[in-house]
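# Descriptive analysis of the structure
Chain by chain, the residues run as shown.
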Amino acid sequence: MTITNYLVLAAILFTIGAVGVLVRRNAIVVFMCVELMLNSVNLTLVTFARSTGTVDGQLIAFFVMVVAAAEVVVGLAIIMSVYRTRRSASVDDVNLLKY
Amino acid sequence: MNVLAAAATEGVEIGTGETVVFWVLAPIALAGALGMVLSRNAVHSALWLVNTMLALGVFYVVQEAPFLGAVQIIVYTGAIMILFLFVLMLVGRDTSDSVVETLRGQRIAAIVLGIGFAGLVGAGIAEATRDLPVTGLEAVQGGAGGAADGNVPAIAELLFTRYLLAFEVTSALLITAAVGAMVLAHTEREPGSRPSQKELSRARFLSGEHPQTLPGPGVYARANSIAAPGRLPDGSPSPASFSTGVQPQVVDELPHTGSVGAERDGLAHSGGTDAALGTLGGDTTGPVPGSGEGAPR
Amino acid sequence: METVPASGLIAASWLLVALPLAGAAVLLLGGRRTDRWGHLLATGTVVAAFGIGLACTVQLAGLDERSASVELFTFIRTGNLDVEAGLLFDPLSATFVLLITGVGALIHVYSIGYMAHDPGRRRFFAYLNLFVAAMLLLVLGNSYVALYVGWEGVGLASYLLIAFWYTRPAAATAAKKAFIMNRVGDVGLALAIFIMFAQLGTTSYAGVHGSVGLLAGGTVTAIGLLLLLGACGKSGQFPLQAWLPDAMEGPTPVSALIHAATMVTAGVYLIARSAPVFDSTPTARTVVLVIGAITLMIGAIVGCAYDDIKKVLAYSTVSQIGYMFLAVGLGPVGYAAGIAHLVAHGFFKAGLFLGAGSVMHAMGDRTDMRRFGGLAKKLPVTFVTFGLGYLALIGFPLLSGYWTKDAIIEAAFDRGGTSGWVLGGVAVLGAGLTAFYMTRLMLMTFFGRARWEDGVHPHESPTVMTAPMVVLAVGSVAAGFLLVEAFPLAGWLEPVFGEPEEAAHVVAPLTVSITLFVVMLLGAAAAWLFVGRREVPTTAPARVSPVVRAARNALYADTVNESLFMRPGMWLTRALVWLDNRGVDGVVNGTAAALGGSSSRLGRAQTGFVRSYALGMLGGAVLVAGALVAVTTG
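Basis of the calculations
- Residues numbered from 1 in each chain as written.
- Chains lettered and ligands numbered in written order.
- Predicted model: local features only at pLDDT ≥ 70, side-chain atom pairs only at ≥ 80, totals over all residues.
- Heavy atoms only, no water.
- Axes fitted to C-alpha atoms, helices over the stretch in contact; angles between N-to-C directions.
- Helix = DSSP H or I, 4+ residues; strand = E, 2+ residues; numbered from the N terminus.
- Parallel < 35°, antiparallel > 145°, perpendicular 65-115°, else oblique.
- Contact = heavy atoms within 4.5 Å.
- Nonpolar A, V, L, I, M, F, W, Y, C, P; charged D, E, K, R; others polar.
- pLDDT = per-residue confidence, 0-100.
- Buried < 20%, exposed > 50% of the residue type's maximum accessible area, 1.4 Å probe, protein only.
- Core = buried A, V, L, I, M, F, W, Y, C linked by side-chain atoms within 4.5 Å.
- Buried area = accessible area lost by both parts, 1.4 Å probe.
- Salt bridge = Lys/Arg side-chain N within 4 Å of Asp/Glu carboxyl O.

Attention shifts here to the packing of helix α3 (residues 91-114) of chain C against helix α15 (residues 332-362) of chain C. Helix-helix packing is characterised by the crossing angle of the two axes and by the distance between the axes. Residues and elements named next belong to chain C. Where α3 meets α15, the axes come as close as 11 Å, and the angle between the chain directions of the two elements is 5 degrees. In terms of orientation, α3 lies roughly parallel with respect to α15. Contacts from Leu92, Thr95, Phe96, Leu99, Val103, Ile107, Tyr110 and Tyr114 in α3 reach Ile339, Leu342, Val343, Gly346, Ala350, Leu354, Gly357, Ser358 and Met360 in α15. When grouped by side-chain class, the residues that make up the contact of α3 with α15 number 13 nonpolar, 4 polar and no charged.

Residues and elements named next belong to chain B. On average, residues of chain B score 77 in pLDDT, and 68% of them are at 70 or above. With pLDDT under 50 throughout, residues 278-297 is counted as low confidence; its partners more than four residues away or in other chains account for 17 contacts. On the interface metric, ipTM, the complex scores 0.94, and its pTM is 0.64.

Residues and elements named next belong to chain C. Considering the arrangement of structural elements, one finds Ser400 in helix α17 (residues 400-414). By relative accessible area, which is 0% here, Ser400 ends up buried. Counting along the chain gives 84 residues from Ser400 to Val484, while the straight-line C-alpha distance between them is 9.2 Å. If we skip the residues at most four places from it in the chain, Ser400 touches Ala344, Phe348, Ala392, Gly475, Ser476, Val477, Ala478, Ala479 and Gly480.

Membership of the largest hydrophobic core comes to 162 residues, with the highest contact counts inside it found for Phe131(C), Val139(C), Tyr144(C) and Leu227(C). Sort the elements by how many residues they give to this core and α15(C) lands first, with 15 residues. Discounting chain neighbours no more than four positions away, the residues touching Val139(C) are Ser93(C), Phe96(C), Val97(C), Ile100(C), Tyr269(C) and Arg273(C). If you look at the next biggest cluster of nonpolar residues, it comprises 79 residues, including Phe31(A), Ala61(A), Val37(B) and Leu88(B).

A separate point is the interface of chain A and chain B. Contact with chain A, which involves 67 residues of that partner, is made by 86 residues of chain B. Regarding the contact of chain A and chain B, the summed buried area is about 7,000 Å², with carbon and sulfur atoms giving 74% of it. Summed over the three residues of chain A that lose the most area to chain B, namely Arg25(A), Met32(A) and Arg50(A), the buried surface amounts to 11% of that side. For the interface between chain A and chain B, the tally reads 3 salt bridges.

Here is the structure:
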């Protein structure tokens with residue numbers, strides 16, 4: 001086994017997350033799919049850190065986690081206020097910017 | 001041309017333990033991801049994702065990044081996913097996606113593009129990294145030859161030297177995120193639309209009913225059940241102490257001391273439990289407070 | 001004959017053009033303020049012009065070299081084309097000047113009375129003055145360009161005057177028709193001038209006539225034919241004759257001045273002035289002959305069938321100008337005869353038209369001869385002057401027409417050969433028809449029982465109208481004799497046309513005269529037989545022979561014009577309009593519509609759904625990944 005395995009696994013997880021963003025309608029589930037994509041990138045970073053023999057990859061993954069946390073906080077707050085206004089958590093309902 | 005391979009030196013072999021771990025946990029991670037995308041119930045989706053994240057945490061540990069693995073489990077899974085669950089409980093629990101897709105062709109296109117993307121990227125990566133050697137982090141965090149001793153010192157060394165600015169900026173980002181969340185979740189209320197504590201208290205006193213808060217269920221209870229009424233200071237049951245929806249029932253109660261408590265081998269110290277409660281003139285079980293029996297004190 | 005620079009009064013001959021032009025300007029620019037005295041000013045300018053013209057002619061007669069040129073200013077200077085504006089005062093132009101100003105002055109006086117009750121009288125006189133100025137420029141100019149300026153000017157004045165009562169649709173249409181048909185001729189004249197300039201580099205008479213021998217035969221023929229086209233347009237000759245009868249919509253003084261005496265003779269002037277050109281091209285000259293012969297027959301035939309007095313006189317004009325074309329087409333023998341007939345015709349035709357105007361004035365502006373009759377006693381002066389003009393026209397011995405028409409027909413026979421007999425015969429036949437229709441006109445109008453409508457009280461015209469008629473009648477009687485025998489025009493015009501030839505007479509002049517006399521009597525007798533003897537019906541009979549029906553329809557000239565030119569023209573304009581609407585506008589509007597439609601269709605891609613946009617993003621990412629893989633592995 002080589003590190004390619006990890007990388008391919010990460011690619012597949014990323015794709016699953018991307019498809020989930022396209023297919024799911026619940027805003028929070030969509031957000032979770034985005035988190036999955038971020039996690040797959042973290043896996044890639046850690047794998048490359050190991051492969052190149054430097055800790056930089058781990059550090060970047062660490063920053064990704066921090067930023068993801070901040071992002072989740074703000075994103076969920078937004079979803080909450082959208083829910084309060086429109087009584088719906090479906091991404092299809094925020095469709096006013098249309099032709 | 002394999003740029004990465006050309007620049008690398010001799011690598012470390014990946015051991016069988018790691019191989020086993022990978023081939024066990026990778027399917028689990030994939031299953032978690034697929035489960036998250038495919039389940040109808042949003043809470044189930046969250047739980048599947050927790051599953052995947054835990055698997056990834058183990059991967060980090062296996063790949064000589066224990067600090068990151070710990071952070072993954074503690075912060076990512078333990079905090080962020082729980083936050084997700086909180087909001088799901090508030091907001092998204094009832095709204096479940098219907099099976100029918102509203103946009104025409106969205107699903108097909110998504111699946112086709114997904115397969116295409118996975119194929120392209122996976123094949124590309126596989127092609128590019130096939131001969132990539134694994135250098136391993138022994139040299140950096142092994143502790144020998146001036147290197148940091150362990151993963152955390154290695155990370156710390158880099159974090160507070162080379163990535164110091166990023167660190168500071170990230171801390172500012174966190175503060176901003178917290179403030180932003182508060183701003184976003186704030187609801188502006190009309191002044192005077194919600195009574196303050198002071199007004200509530202005054203209203204309670206003026207109405208003359210019960211100035212203090214109502215007793216919760218089970219206060220001064222003599223039984224271990226929320227179906228037992230709380231008792232007012234004079235021993236009478238308080239009808240207001242029942243929680244909504246609970247039917248008052250006859251329940252087993254601890255015996256009163258000084259009446260029939262002698263034969264009970266309950267608490268054999270003077271006074272027993274009831275000493276603390278005080279006696280009230282020898283009544284046994286009071287009437288089960290039914291509806292409308294006696295005015296609540 | 002050399003042309004000398006002018007001196008004395010002739011050097012001021014530009015006043016001849018300037019005075020009437022100034023009169024027109026004052027009246028048009030002055031507006032209603034000039035209403036009270038405008039007509040007098042206008043008449044005054046033309047009378048003054050006549051005086052100056054007479055004086056200049058007298059001075060010219062005294063010169064050794066009877067051809068004087070007046071340099072005025074440089075009109076066009078563009079390096080290649082240098083056109084000097086100047087006047088040429090020689091016997092030919094002097095003759096025309098006297099005719100134009102003399103007859104013009106008389107008609108101005110007549111118009112004072114004729115238009116007395118018309119609110120637009122000032123405008124009428126302004127246009128008349130404009131016409132006189134342009135016509136004088138036409139005959140006085142020393143180059144083809146100057147002639148062209150005057151040519152256009154008289155065309156404009158004719159248009160303005162035919163449509164004087166512009167609120168009448170018939171008048172407006174007639175003016176348009178006249179102008180457009182004139183335009184067709186003007187194109188010919190313009191092209192001829194272009195060829196002159198292109199080949200010879202000059203457009204002055206001296207330059208062109210001096211170097212005409214240098215041109216190739218085909219070029220000269222082309223110039224000649226194009227000049228002839230221009231002349232046909234202006235003079236109403238076949239095939240451009242249809243506008244002249246319609247031009248009778250204008251007031252009668254206009255018909256008298258423009259469409260009898262002067263403007264329609266501009267074509268003859270042009271051909272006469274271009275004698276050196278035509279002398280070099282027998283082909284073109286033959287065409288002139290043919291045109292003249294055809295036209296005189298057309299005019300004569302159609303004139304027999306009309307009941308409108310002015311239209312009969314109009315067709316008579318067409319026919320007589322055909323005679324003039326015939327004359328100038330005969331070459332040097334005929335120039336003088338043609339000009340003489342032109343001058344005589346100017347007198348008697350103008351007199352006839354003024355008389356017709358007097359009759360119309362008496363009959364309440366009616367022109368239908370079938371409702372006239374018996375006017376001889378009611379309008380004595382008119383009857384006498386009209387009668388003298390009539391006799392002059394039909395060639396009654398010793399009156400004008402006798403001398404001038406005989407000269408032409410003699411020259412025609414003298415041409416010799418088959419063409420001489422044919423042309424002479426046609427001319428004689430035409431004379432007979434002329435006698436017929438003119439006699440018919442006289443009988444229907446002045447003799448017979450009165451067939452007046454109710455409420456018509458014929459009365460003689462006022463003196464201001466009858467005086468010019470009298471003067472013209474005198475001219476009708478005397479002009480022919482004076483011009484042909486007493487002071488031969490041929491000798492006077494010698495500086496222009498050269499020595500008059502004495503050709504061998506194929507037919508003796510006396511024979512010609514007698515033949516013509518007989519033919520004239522026959523025509524008059526036929527008129528009396530068919531028209532005078534019987535009661536004239538008040539409505540035109542419906543069952544007539546095909547010839548009469550054809551003549552009533554002007555020999556179908558209008559029908560031919562319509563189907564050959566008008567219909568295809570309208571079809572072309574409609575096709576162009578359709579093309580413009582569908583094609584040009586279609587392209588423009590279609591582009592706009594296509595843009596709008598495509599933009600709205602593209603806009604539907606903005607569904608507002610985030611997931612669709614995300615799908616697009618993923619698609620783009622797939623494309624980029626594919627490109628990367630292809631580039632790195634391929």
